[in-house]
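# Observations on the model geometry
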Amino acid sequence: MLNHPRPTLQCLLLVVLLLACWKKTAGSLGDGRKIWQKPKPEPFIPDESFLYNTFPSGFLWGSGTSAFQTEGSWDQGGKGASIWDHFTHSSVSGNLTTETADVASDSYTRWEEDVEALKYLGVRSYSFSLSWPRLFPDGNARAQPNTAAVEHYRRLIERLLENQIEPIVTLYHWDLPQVLQEQYGGWKNDTVVGLFEDYAAFCFRTFGRRVRYWLTMHNPYVVAAHGYGTGVHAPGETGGPAGSFIVAHNLIKAHAKAWHTYNTHFRPAHNGQVSIVLGSHWVEPQKGQATTANVELCQQSIEAVLGWFANPIFGDGDYPASFKIKHEALLPAFSPEEKLWVKNTADFFALSFGPNNLRLGRNLVHYGQSVTPDLRRILGWIKLEYGDPKVLLAEGGWFSEASVGREDTVAIYLMKKFINQVLQAIRFDGVQVFGYSAWSLVDGFEWNYGYSIKRGLFYINFNQPNQTRTPKTTAQYYRRVISDNSFLRDETSRDLKGRFPCDFHWGIADSTLQFTDPHLYSWNLTGDGSLHLVPGVKLRTSQTQCTDYLAIHGHLRLFVSTGASHYRFALNWSLILPQGDHSSVNTEALRYYRCVLTELKKLDLETIVILYYPTHRDPNLGLPGPLHASGGWLNYSTVEAFQEYAALCYKELGSWVRYWVTVNEPNRLVDVYSSGKEKHQAAHNLLLAHAKAWRLYEREHSNQQRAMVSLALHADWAEPANPFLESHTAAAQRFLLFELGRFLDPLLGSRYEETQSKEDYPQEMKAYLKERAQVMGLPGSPLPSFTETEREELRGALSFIALNHFTTRLVSPFPHTQSNFQQRQPPDHGCLTLTDPTWPSSSLGQALVPWGLRKILSWVTERYGGALPVIITGSGVDDQAPVEDKLRQHYLRSYLQEALKARHLDGVNLQGFYMWKLQDRHAAQFGLFTSTHHQSKAKASLAVYREIITHGGFPEDNTTQPCRLSGLQQPCSTCAWLFNNKALLVFGGCLFITAVMLAALVIFVIITRNQRRGRGRGVSRMTRRRRKEVCSCPTVVKH
C-alpha cells in the first residue's frame, strides 16, 4: 500500500509555495539597482512632471519638531544637560560659540501655541521627540523620572488627541544626556545600549497607551558620521570612520533592543507600531548613463548612507556587501544570532529626506554622479530594495535663509515638488506611503547652522521675547494641500475642440535670412553620411546673389513641406546699408531679398519681414558699424537713419510684403545697456524709430502696397511667485508693464488711463520710477519724456500686435535689504524671476508652461482691447533629440491648445501663430528640420505641426479644414512619381542616351563602308586627303 503524505505536510508545502509566489509578485529583496535601469519618465508627459490626483483616504498629514531644537528651558523644570547643550556652550562647537538653544522656540512653555499652529494647518499627526535628559537628568531610566517632564509630555499628548491629532513620538533625536557622554563616552560604549533599552521601556510604559506610533531614533547616520566621526555635530568627536562604525553598530543594537522590548511587553496591550527614522540622499549616474558600472556606483552610494542602517533592519540583518568589502578592517561584525535578532525590527519604514542628508551626501559622490533631491526615486528604491514596506515620510522639507522671514516663496515650490513626488510614488510606482510630516512646525535651532537658516512653517522672531508663532506662506500652502488631500487640476486645463479661422496665419519664424555659410565641413567622417563642422576654419564666401537659388529653392522646399502659409524672416540692415546711410547701398543684397520674396509669392506664400533684428551675437547688435560706433540707440541720429533704411526697404521690397515688423524684441535689446538711464533712453529711441517708420509707410506706401506694420515684443507671461502675497501680484503686473506696457501704451494707450494723455508710458511705471529715484537719492526719474510732436507721431502707430512668447516666469519683488543692494543693482522694475521646479523644462532651461500663452494673450486684450489683430510671431522650444523631438511635439500641441482657448473662450483676436524655427543651423535645437550638414531631415514635430495645420486646429472629427481642402492644389500623381524616382530616371536616361549613341555609331560605320564600296580608289585617296586636312590643328602661339 502506498504511503500518502499527511494533510498537515501538504498544507505546509502549499503555504511555502504560496509565500514563494507572493514574494515574486511583490518583489524580492535587493532589487534596488533596477530603479536606475528603468528609463526615467519623460517630464513633459502629462502627470509625469506634476501629477494632479488625490492622496489615499486617511493619509496621515503631519508636521514635526525635535525637543532640543524647539523646547528651550535648557536648565529649567528639572532638566539635565544634553550633549548639544554642552556642545553649544563650549568651544568644542567652533563656529557656534555665540548661538545656543537655551530658549530656542520656547516650546516647553508655549506648547499650547504649537498645538494651535497644528490646528491651523489641519494636520492629522504631530511628530515630536521626548527629551531624555529632561525625563532623566542622569540618563538612568531605572531611577525616579522628572515628574514635571512626565506631566508636560502627558499634557501635550492628551491635547493632541483631544484635537484628533495623532502623536508620533521619537525617543531619541540627538540629545543624549551629557552625563552618559562623560561617564561612558556616549554611543561608543555598549553600556549606553542597555541604558537606552531601559529609557525606551519607561516611555512605552508611561505614554504607550496613548501613542500608536513610536520612532526609536532620528537619522542615526548623522549621529554616527558627524557626531563621532567628523565632529560637526555634538558631541564633536573626530574619531573618523572607525569611531563612526562603532557608534552606528551600537545605535542599531539599541534600536533593536527597544523594538524587541515593545514587541514582547507592550504590543499585545498597546497595539502600536515601532520604527526608526533613516535619512538618505539620492544620486543619478554619470550623464544619466545607466551602465552596469554606473548603476553599481549609485547603489554603493545609497548603501553607504541609507543601506548602512536599513540593510541590517529591513534587509538580511547585516551590512551591505559593498560596505563590508570597502570597510572590512574597521567595520564591527554581527554574529549570526545578532543578525536574526536585528533583522525585521521595524513595523514600517520611516524616511528622512531633507537638507541634512542631501548636503552630506555630496561627500559620497564620485565618478561623475550627481546628487539630486528626487524623493520619488528614493521611495521607489526602498520598495525594490526592501520588499515593499509601508513608508512614513517622517521628515520632508527644505530650508530658507533667516533673512527670508515669513515670505518663504522658494520653499513653497520645493514643498510642492516633494509632496507631488510622494503622490507620484504612490500612484505610479505603488509605494505604500501612508503619511507625510512637513519639517518643521516652527522655526528653531538648526544644529550646526544655528539660527542662520530656518525650516519652520511658522515664523519666530528670535530677537523678540514673546516667540510668537506666525504662519509663513508655506504654512498657507500646506494647509491648502491638506484640506484638498490632493493636487486639484484647474478646469481650464482640459482640452478644447475647435478650429482656427481659415485666414489664420500658420507660420514659421526665422531670424536674418542667410544662405551662405563660411564654415568648413568634413563629410562622412563617422560613416553616417553627415557633414561635421571643422572648428576654427572659415572660408571666404562670395557676395549673396540670385545664383544662390540652389540653396534658396532647397530652403523653400523644406518650408512648403510644412504646410505653413506664412514665413517670417529678417533683413540684414548692416548688409544692405554698410555705412548706415544711402552713400553705400548693397544692390546685390536687395536683389537677393527680392528674389526670395518673388519665389515665395510664386508659391502663394505670405511673409512677415523684419527690418531690424538685433542680436547679442553681433558686437554691433545688428546695426551698421558707423551707427553703432556713434552711440547706437542712445543717439537720436540712429532713429533718423532707421527711417531712411525703412524707406529704402519699403520702396525696393514692399510690393511683395504684406506684413512688416520694424524692430524685433526691442524689450530684449535694451537689456544690453548697463545703466537704467541708458536702458530707458534706448527704449525711447527705439519707440520713436518704429513710429517714424510706421508713419512713413502710412504716408507714402499704404495706399499702393496695403501692408500692415508693427513691432514684435518678447512677451513671456509673469505669474506672481507667491500666490498668498499682494506684493508679488503687484510685482508681476509691474514686470509686464516694463516688458510690454512701456512699448504698447505710448502707441495704443490703455483702457485704464482715460484721465491722462494716452501717448505716454504707463502711469504705474512712471510713478514707480519716480518713487524709486527718491528712495535712491537721485535727482529725478530716468524715464525720458515725449514732446507733443512725438506723442502725435506715436498715437496709433501699430497695425497689429506682434508677440514672441516662449515661457512663463515666476515674479517676486526684489528684496530691498542693505546687503542685496550692495551686492548688485536691482533691475529697474524691481523684480526677481524664478521658475517652478515642477514645470517641465528643456535642456536650455526653458520651462514649458502652456497656460502662460493664454494668460499673456488675455492680459494684452484686456489692457488694449480686441480691435487690433494679435499674432504670435515666434514661439518654440529647444529639443536636443535629433529626430524624435517629443518635447517639441508636446509644446506644439499644448501651446496651440491654449491659443485656441484664448481665441474661442476669451475673445482674443488671435490671427496667427509662427513656430520658431524652420531648420537647425548646427546642433539639434529649435528647428523642425535638422541642419544642412545633417542632411535636412524632418523631425517628428513637423508631422504634428502639419497635422494641426491640415485640421485647422483640434476639431472633433479630426477632418481636414474645408477651406483648406478648396485651397489645396490637387497633387500631380505623375509629378510625384517622377520626383520619387529621380535616381531611376537619371539612370534610365543615361542608358537611353548611350543606346542612341551606339546605334548612331553602328549606322555611321555601315554607311561609311557602303560608300567605300561604291567609289573608286581615287575617291578614297581624295577622302583620306580631306580628312587629313580637317584633322590638322593650327599651331598654338605662345605669348
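This text follows the structure it describes.
This text gives an overview of the structure that appears in the document. Residue positions are counted from 1 within each chain, in the order its sequence is given. The model is predicted, so local features are restricted to residues of pLDDT at least 70 and side-chain atom pairs to those at 80 or more, both for listing and for counting; the totals for chains, interfaces and linings are taken over all residues. Only hydrogens and water are set aside; all other atoms, that is, all heavy atoms of the structure, feed into the side-chain values.

## Details of the overall build of the chain
Of regular secondary structure, the chain possesses 38 helices and 29 strands. Each residue is placed in one exposure class: buried if its accessible area under a 1.4 Å probe, protein chains only, is under 20% of its type's maximum, exposed if it is over 50%, and partly exposed if it falls in between. Here the chain, with 1039 residues, has 53% of them falling under the buried criterion. Pairs of residues are marked as contacts when any of their non-hydrogen atoms sit within 4.5 Å. At a minimum sequence separation of 6, the contacts of the chain that also span at least 24 residues come to 77%. Computed by Shrake-Rupley with a 1.4 Å probe, the accessible areas treat only the displayed protein chains as cover when residues are assessed. With the model as given, the accessible surface of the chain reaches about 46900 Å², and the carbon-plus-sulfur share is 54%. Helical segments are the DSSP runs of H or I of at least four residues, strand segments are the runs of E of at least two, and each set is numbered from the N terminus.

## Description of the sheet that holds strand E23 (residues 717-720)
Here the rule is simple: two strands pair whenever DSSP picks up at least two bridges between them. Taken in spatial order, the 3 strands of this open sheet run E23-E25-E26, and their pairing is mixed. Whereas interior strands pair on both sides, the edge strands pair on one side only; in this sheet they are E23 and strand E26 (831-834). Across the sheet, the mean angle separating the axes of adjacent strands is 45° when strand polarity is ignored. Relative to E26, strand E25 (residues 808-813) runs antiparallel, the two sharing 4 bridges. Of the residues in E26, the one forming a bridge with Ser812 is Leu832. Throughout, an axis means a line fitted to C-alpha atoms (over the contacting stretch in the case of helices), and angles, computed between N-to-C directions, take values from 0 to 180 degrees.

## Some points on unusual backbone geometry
The omega angle of the peptide bond from Ala234 to Pro235 is 5°, so this bond is cis rather than trans. If you check the backbone angles, Asn485 has positive phi at about 50° while not being a glycine. Within the element layout of this structure, Asn485 appears in the loop between helix H19 (473-484) and strand E15 (498-499). At Glu665, a position not held by glycine, the phi torsion is positive, near 50°. Structurally, the position occupied by Glu665 is in the loop between strand E21 (659-664) and helix H25 (666-669).

## Here's the deal with the packing of helix H28 (residues 726-748) against helix H29 (residues 763-775)
Running from amino to carboxyl end, H28 crosses H29 at an angle of 115°, the nearest separation of the two axes being 9 Å. Read as a crossing pair, H28 and H29 show a hand that is left-handed. Across the interface between the two elements, Arg734, Leu737, Phe738 and Arg742 from H28 touch Glu764, Met765, Tyr768 and Leu769 from H29. Residues are grouped as follows: Ala, Val, Leu, Ile, Met, Phe, Trp, Tyr, Cys and Pro are nonpolar; Asp, Glu, Lys and Arg are charged; every other residue, Gly included, is polar. The residue inventory of the contact of H28 with H29, partitioned by class, reads 5 nonpolar, no polar and 3 charged. Crossing chirality is assigned from the near helix's rotation relative to the far helix, an anticlockwise turn below a right angle marking it left-handed and a clockwise turn marking it right-handed.

## Here's the deal with the pattern of salt bridges
Salt bridges are defined as contacts in which a side-chain nitrogen from Lys or Arg sits within 4 Å of a carboxyl oxygen from Asp or Glu. Scanning the entire structure with this criterion turns up 52 salt bridges. Between Arg159 and Glu162 there is a salt bridge, and its shortest N-O distance comes to 3.7 Å. Placement of the pair is Arg159 and Glu162 together in helix H7 (residues 147-162), with a separation of 3 residues, close to one helical turn. Arg159 sits in the partly exposed class, given a relative accessible area of 27%. Lys602 is the salt-bridge partner of Glu599, the closest N and O atoms lying 3.2 Å from each other. Here Lys602 and Glu599 lie together in helix H22 (residues 587-602), a separation of 3 residues that amounts to about one turn. Its relative accessible area of 12% is what places Glu599 among the buried residues. The exposure class assigned to Lys602 is exposed, which follows from its relative accessible area of 62%.

## A word on a nonpolar patch on the surface
Without a salt bridge and with relative accessible area above 30%, a residue can belong to a patch; like charges are then joined within 9 Å and nonpolar side chains (Val, Leu, Ile, Met, Phe, Trp, Tyr) within 5 Å. A cluster of nonpolar residues, Phe992, Ile993, Val996 and Met997, forms a patch on the protein surface that exposes about 430 Å² of accessible area. Summarising the element assignment, Ile993 is placed in helix H37 (residues 982-1014). Since its relative accessible area comes to 49%, Ile993 is described here as partly exposed.

## Let's talk about H22
Under the convention used throughout, the expected extent of a helix is 1.5 Å for every residue step, that is, one less than its residue count. When the terminal C-alpha atoms of H22 are compared, their 22 Å separation across 16 residues agrees well with the 22 Å that a helix rising 1.5 Å per residue should span. Along H22, the residues classified as buried are Ala589, Leu590, Tyr592, Tyr593, Cys595, Val596, Leu597, Glu599 and Leu600. The N-cap residue of H22 is Asn586: its side-chain oxygen and the backbone nitrogen of Glu588 are 3.2 Å apart. Identification of polar contacts relies on pairs of N or O atoms within 3.5 Å, with a donor-acceptor requirement for protein atoms, meaning one able to donate a hydrogen and the other able to accept it, and with residues adjacent in sequence counted only if both atoms are side-chain atoms.

## Concerning empty space enclosed by the protein
The rule is simple: put a 1 Å grid over the protein atoms alone, call a set of points where a 1.4 Å probe fits but cannot get out a cavity, call an open set with protein on both sides within 12 Å along at least five of seven lines a pocket, and count a residue as lining if it has an atom within 4 Å of a point. Grid points are joined across faces, edges and corners, and a volume is the space filled by probe spheres set on the points. This model, assessed by the stated rule, comprises 5 cavities of 30 Å³ or more. Estimates place the volume of the largest cavity at around 140 Å³. Taken together, 17 residues form the lining of the largest cavity, with Trp398, Ala411, Trp439, Arg455 and Thr474 sitting closest to its centre. For the lining of the largest cavity, the secondary-structure elements that each account for two or more residues are helix H18 (409-427) and strand E11 (432-439). Element by element, the count of residues in the lining of the largest cavity is highest for E11, at 3 residues. The class makeup of the residues in the lining of the largest cavity is 8 nonpolar, 5 polar and 4 charged. Size it by volume and the second largest cavity reaches roughly 110 Å³. Here the residues of the lining of the second largest cavity sort into 7 nonpolar, 6 polar and 2 charged.

## Regarding the environment of Ala509
Position of Ala509 among the secondary structure elements: in strand E16 (residues 505-512). With 365 residues separating them in the primary sequence, Ala509 and Gly874 have C-alpha atoms 5.9 Å apart. In contact with Ala509, not counting residues within four places along its chain, are Arg568, Thr873, Gly874, Tyr914, Met915, Trp916, Lys917 and Leu918.

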